[in-house]
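# Fold and geometry: a report
Here is how the chains run, residue by residue.
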Amino acid sequence: MLTVHAAPLVLPVGAAAVVAGAVAVDGDRIAAIGPYEDVVAAHPAARVRRWPGLLTPGLRQDRARELLTRCYHPDPREADELGERPLRGEAFERLAATMDTARRAGSVRRGLQRMLRHGTTHVVGPFGADEPALRMAVSRSGLLQVPGAGGPAGPPDLDPFAAGGDLAATAHGPLTVGGRADFAVFDVAEEAALRAGGARLCVATVLAGRLVHRAR
């Protein structure tokens, strides 16, 4: 089904911003980018999803491997004991010493889900053949593995903007007609507010045309 995603501001990256813009998605591809009225007129039968704020390309998580293998993502049922944020460093090492395979796998799945909730569509690996369970979990999530240097030093963070980059440096790449429909929507008015508030403000993530996260 053809779907038009409309937002007050669309930032394709590498092209001019579109005020009162829209992105039309056909299957897993972008069919059009432009002013809402023009896109809807060209696709009158499309379903329309209206979002608040800013529509951008999906983000790239440079520290994905560390977040999945050197952090523990607590189950919501563990929040009273462990909190809600990823455990790393000594706290992770203490927990890892007694963690069985099932608990590790649960942490990986939750870590991947939380990346999607932060507008992430692409992750820097590698996730090699020597770690089949990890590689399969990443594959099943739909997140795309891409090459990269692994990001700056310092504690890994689910928010790709925590490293201090702007949208052009943090996005997986530009939104283009004919390209894969990987994008995110943030409840902010413009890019400066997104960088200040961070990817936690994500209200929707679309991966290969599928809505994989929607804030309630």
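Quick note: structure is the one above.
Description of the structure in this document.

What counts and what doesn't
Residues numbered from 1 in each chain as written. Predicted model: local features only at pLDDT ≥ 70, side-chain atom pairs only at ≥ 80, totals over all residues. Heavy atoms only, no water. Helix = DSSP H or I, 4+ residues; strand = E, 2+ residues; numbered from the N terminus. Buried < 20%, exposed > 50% of the residue type's maximum accessible area, 1.4 Å probe, protein only. Contact = heavy atoms within 4.5 Å. Areas by Shrake-Rupley, 256 points an atom, 1.4 Å probe, with all protein chains shown as cover. Lys, Arg positive; Asp, Glu negative; His and termini not counted. Charge placed at Lys NZ, Arg CZ, Asp CG, Glu CD. Pairing = 2+ DSSP bridges. Axes fitted to C-alpha atoms, helices over the stretch in contact; angles between N-to-C directions. Expected span 1.5 Å × (residues − 1). Salt bridge = Lys/Arg side-chain N within 4 Å of Asp/Glu carboxyl O. Arc of directions from axis to C-beta. Core = buried A, V, L, I, M, F, W, Y, C linked by side-chain atoms within 4.5 Å.

## Some words on the overall build of the protein chain
Helix and strand content of the protein chain: eight helices and eleven strands. Here the protein chain holds 216 residues, and the buried ones make up 48% of them. At a minimum sequence separation of 6, the contacts of the protein chain that also span at least 24 residues come to 65%. If you sum the accessible surface of the protein chain, you get close to 10,600 Å²; carbon and sulfur atoms cover 52% of it. When the 26 positive and 23 negative side-chain charges of the protein chain are each reduced to one mean point, those points stand 5 Å apart.

## A closer look at the sheet that holds strand E7 (residues 120-124)
In spatial order, the strands read E6-E7-E8; together these three strands make up an open sheet with parallel pairing. In this open sheet, the two edge strands, each paired with only one partner strand, are strand E6 (59-61) and strand E8 (144-146). When strand polarity is set aside, the average angle formed by the axes of neighbouring strands in this sheet is 35°. Of the strand pairs in this sheet, E6 and E7 are connected by three bridges, and their pairing is parallel. Its bridge partner lying in E7, Arg60 is registered against His122.

## Quick word on helix H5 (residues 101-117)
Under the 1.5 Å per step criterion, the end-to-end length of H5 is 25 Å for 17 residues, consistent within 8% with the ideal 24 Å. Along H5, the positions that sit buried rather than exposed are Gly106, Ser107, Val108, Arg110, Gly111, Leu112, Arg114, Met115 and Leu116. The positive-phi residue at the C-terminal boundary of H5 is Gly119, with phi of around 75°.

## Concerning the pattern of salt bridges
The full count for this structure, using the stated rule, is nine salt bridges. In this structure, Asp75 and Arg77 form a salt bridge, with 3.0 Å as the shortest nitrogen-oxygen distance. Ionic pairing is found between Arg103 and Glu78, a salt bridge with its closest N-O pair at 2.7 Å. Highlighted residues: Arg103 in helix H5 and Glu78 in the loop between helix H2 (64-69) and helix H3 (79-82), separated in sequence by 25 residues. Glu78 gets classed as buried once you look at its relative accessible area, which sits at 15%.

## Some remarks on helix H4 (residues 89-96)
Residues of H4 that are buried: Phe92, Leu95 and Ala96. For H4, the buried positions fall inside an angular range of 100° around the axis, keeping them on one side. Residues Glu90 and Arg94 are exposed on H4 and point more than 90 degrees away from its buried face. Residues of H4 that are buried sit in contact with H2, H3 and H5.

## Let's talk about the nonpolar core
Core analysis: the largest hydrophobic core is formed by 16 residues, its most contacted members being Leu68, Leu112, Met115, Val123, Phe127 and Val138. Listing elements by their share of this core, those giving two or more residues are H2, H5 and helix H6 (132-141). In terms of residue count, H5 provides more of this core than any other element does, four residues in total. Ala7, Ile30, Leu55 and Leu175 belong to the second largest nonpolar core, which has 15 residues in total.

Shape is all these values report; function is a separate question.
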